[in-house]
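# A look at the structure
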Amino acid sequence: MENVILIILGLFLLLVLVAIVRAVRIVPQSYAIIVERLGKFQAEFGAGMHLLVPFVDRVRTIVDLREQVVSFPPQPVITSDNLVVSIDSVIYYQVTDPKRATYEISNYLQAIEQLTVTTLRNVIGAMDLEQTLTSRDQINGQLRGVLDQATGRWGIRVSNVELKSIDPPASIQGAMEQQMRAERDRRAAILTAEGVKQSQILTAEGDKQSAILRAEGQAQSAILKAQGESRAILQVFDAIHRGNADPKLLAYQYLQTLPKIANGQSSKMWVVPTEFTAALNGIAGALGGKGADGPSAAFADAGDSGEVRVDLAGMETGLDIASDLAATNLQTPEEALAQARGEAASASQEAAEAPQSTGGADPAGPSFPASRGGAHRQEPEPPAQG
């Protein structure tokens, strides 16, 4: 009898312990439980410890109140240009009302997936492929608006919808890659052409500046050279007039210039102006006379053409310069200076006594232009030296 009582007491204590365990319910943070009493909704308990009526109340479900992320498998969608694309979508949702999420719909996650697929097909069906690839934000906004409105009565809030990938068919991908490659090649060609253009422009500018600077340098060089030659001519001209050169000096200068004129291989016959005849007659007179035939043997008049042809061979025969130079005796510098002073004094006296004339030039000596009007000044012929 006592054993039976002990067994009954033990069973009672076990029943009490089980009842206490079933009556005390601890809910974690961010979770909620739906409690039913005799099959009817009784209460919604949040985080903390709660007491239930043993064997009367039961927990229907435990709801996670945190934001959930679910990725749906790829779905085939047809665009407005009849291309089939595969789209992966990701949904971010959160249960805001555990009671409605439990009793308003049997499986809210499956309902969200099917609603996402149908809404995605409606949105993508109104776009072509290019718009689908470039309008992700617009598609996400439309999906979120439709899902949030539909799941609001279920106690669920859809916070965000993202399209993870949009995969067109393989053939379309190959065509797109070729198009992008052609676009990159076009941009590279444009950039290369722009670079070549800028390089040619800079090169042309450099050539232009170089040519301008080179021309300025040549112009300055020519100006300086002309100024130098002008000064040299003025100094020589002034020195000749200051030295009061006589026909003998001029004849000597002519004789020095003639070999340079006849230096060429084909320069045996050449043409000189008529003014040169008087100078050559002066040379011949200064050297001691003319040839057997006179100056006409060495110079051939061209008639009315105003030119004279000179034969060097005849001149050498008529003047006989070599014999005259061989018989010439050189004077000392003192004698030459005294003789030059005497000749200068006698020439000045003769010039003062002689009447002024503006007529033609003396055939026995060279003449010099006195002005641009064509007037000439006669120089007195120095006395012949023995």
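This text goes with the structure placed above it.
In this report, we go over the structure that sits alongside the text. Note that the coordinates shown come from a computational prediction; the quantities given were computed from them, not determined experimentally. (Residues numbered from 1 in each chain as written. Predicted model: local features only at pLDDT ≥ 70, side-chain atom pairs only at ≥ 80, totals over all residues. Heavy atoms only, no water.)

### Description of the overall build of the protein
Heads up, the condition is: Per the convention used, a helix needs a DSSP run of H or I reaching at least four residues, while a strand needs a run of E reaching at least two, with both numbered from the N terminus. When accessible area is computed with a 1.4 Å probe and restricted to protein chains, residues below 20% of their type maximum are described as buried, those above 50% as exposed, and intermediate ones as partly exposed. In what follows, residue pairs with any heavy atoms lying within 4.5 Å of each other are defined as contacts. In short, Shrake-Rupley with a 1.4 Å probe defines the accessible areas, and a residue's cover is counted only from the protein chains shown.
Check the secondary structure of the protein and you find eleven helices and 13 strands. Within the protein, buried positions represent 23% of all 386 residues. Put simply, 63% of the contacts in the protein that link residues at least 6 apart link residues at least 24 apart. Roughly 26,300 Å² of accessible area belongs to the protein as shown, and the carbon and sulfur atoms make up 56% of that amount.

### What to know about the environment of Leu 129
Positionally, Leu 129 belongs in helix 4 (residues 129-134). The exposure class of Leu 129 is buried, given its relative accessible area of 8%. Between the C-alpha atoms of Leu 129 and Ser 80, which are 49 residues apart in sequence, the distance is 7.7 Å. Filtering out sequence-adjacent residues up to four positions away, Leu 129 remains in contact with Thr 79, Asp 81, Leu 83, Val 85, Pro 168, Ile 172 and Met 176.

### Focus on the packing of aromatic side chains
Quick reminder of the rule: Each aromatic pair joins two rings of Phe, Tyr and Trp (for Trp, the six-membered one) with centres within 6.5 Å, and gets the label stacked for planes under 30 degrees apart, edge-to-face for over 60, and tilted for any other angle.
Evaluated as defined, the whole model comprises two aromatic pairs. Arranged with centres 5.9 Å apart and planes meeting at 80°, the rings of Phe 41 and Tyr 103 form a pair that is edge-to-face. Of this pair, Phe 41 sits in strand 3 (residues 40-45) while Tyr 103 sits in helix 2 (residues 98-103), and the two are 62 residues apart along the sequence. When its relative accessible area of 33% is taken as the criterion, Tyr 103 is described as partly exposed. Summarising the aromatic geometry, the rings of Tyr 93 and Tyr 108 are spaced 6.0 Å apart at their centres and angled 70° between planes, so their arrangement reads as edge-to-face. Taken as a pair, Tyr 93 in strand 7 (residues 84-95) and Tyr 108 in helix 3 (residues 108-125) lie far apart in primary sequence, 15 residues in all. Judged by relative accessible area, which is 23%, Tyr 108 ranks as partly exposed.

### As for the sheet that holds strand 2 (residues 31-37)
Here is the rule we go by: What makes two strands pair is DSSP finding at least two bridges between them. A fitted line through C-alpha atoms represents every axis, and for helices the fit uses only the stretch in contact; the resulting angles, taken between N-to-C directions, go from 0 to 180 degrees.
Strand order in this open sheet of three strands is 3-2-5, and the pairing throughout is antiparallel. Across the chains shown, the open sheet's two edge strands, defined by having one partner strand only, are strand 3 and strand 5 (57-64). Adjacent strand axes in the sheet meet at a mean angle of 25°, parallel and antiparallel pairs treated alike.

### With respect to the nonpolar core
Counted only if it meets this: Buried residues of nine kinds, namely Ala, Val, Leu, Ile, Met, Phe, Trp, Tyr and Cys, make up a nonpolar core once their side-chain atoms join them within 4.5 Å.
Core analysis: the biggest nonpolar cluster contains 31 residues, and Ile 87, Ile 91, Ile 112, Leu 120, Ile 139 and Leu 163 have the highest contact counts within it. When contributions to this core are tallied by element, the ones reaching two or more residues are strand 6 (68-78), strand 7, helix 3, helix 5 (136-151) and strand 8 (156-167). Residue contacts for Ile 91: discarding those within four places in its chain leaves Gln 68, Val 69, Val 70, Phe 72, Ile 112, Thr 116, Leu 147, Val 158, Asn 160 and Val 161. Membership of the second largest hydrophobic core comes to six residues, among which are Val 27, Val 35, Ala 43 and Phe 45.

### Examining helix 6 (residues 170-243)
Keep this limit in mind: Between the first and last residue of a helix there are one fewer steps than residues, each counted as 1.5 Å, and that sum is the expected span.
Counted at 1.5 Å a residue, the expected span for helix 6 with its 74 residues is 110 Å, and the 107 Å between its end C-alpha atoms agrees. With its phi angle positive at about 50°, Asn 244 sits one or two positions after the end of helix 6.

### As for the pattern of salt bridges
Let me state the cut-off plainly: Only one rule defines a salt bridge in this text: a Lys or Arg side-chain nitrogen within 4 Å of an Asp or Glu carboxyl oxygen.
Throughout the structure, instances matching the rule amount to seven salt bridges. The closest approach of N and O atoms between Arg 186 and Glu 183, which form a salt bridge, is 2.5 Å. One end of the pair is Arg 186 and the other is Glu 183, both in helix 6 and three residues apart, which spans about a single turn. For Arg 186, a relative accessible area of 43% corresponds to the partly exposed category. By relative accessible area, which is 26% here, Glu 183 ends up partly exposed.

### Describing the packing of helix 3 against helix 5
When two helices pack together, you describe them by how their axes are tilted relative to each other and by the distance separating the axes. Which entries qualify depends on this criterion: Angular relationships are summarised with four words: roughly parallel below 35 degrees, roughly antiparallel beyond 145, roughly perpendicular across 65 to 115, and oblique for the angles in between. Crossing handedness is read from the near helix: turned anticlockwise from the far helix by less than a right angle, it gives a left-handed crossing, and turned clockwise, a right-handed one.
For the pair helix 3 and helix 5, interaxial distance at closest approach is 10 Å and the crossing angle is 140°. With respect to helix 5, the axis of helix 3 lies oblique. The crossing of helix 3 and helix 5 is right-handed. When helix 3 is examined against helix 5, the residues Ile 112, Leu 115, Thr 116, Thr 119, Leu 120, Val 123 and Ile 124 are found in contact with a partner set consisting of Ile 139, Gln 142, Leu 143, Val 146, Leu 147, Ala 150 and Thr 151.

### Things to note about helix 5
Which entries qualify depends on this criterion: What the arc covers is the set of directions going from the helix axis to the C-beta atoms.
The end-to-end C-alpha separation of helix 5 is 22 Å, in line with the 22 Å expected for 16 residues at 1.5 Å each. Burial in helix 5 covers these residues: Ile 139, Asn 140, Leu 143, Leu 147, Ala 150 and Thr 151. Along helix 5, the residues classed as buried sweep out an arc of 105° about the axis, all on the same side. Helix 5 presents Asp 137 and Gln 149 as exposed residues on the side facing more than 90 degrees away from its buried surface.

### Regarding the sheet that holds strand 6
Within a sheet, each strand pairs with its neighbour through backbone hydrogen bonds, oriented either parallel or antiparallel. Judged by pairing direction, the sheet is antiparallel, and its three strands sit side by side in the order 6-7-8 without closing on themselves. Whereas interior strands pair on both sides, the edge strands pair on one side only; in this sheet they are strand 6 and strand 8. Across the sheet, the mean angle from the axis of one strand to that of its neighbour is 25°, orientation sign disregarded. In terms of strand pairing, strand 6 meets strand 7 through nine bridges, oriented antiparallel. Looking at the pairing, Val 70 lines up with Ile 91 of strand 7.

The values reported here are purely geometric and, on their own, carry no functional implication.
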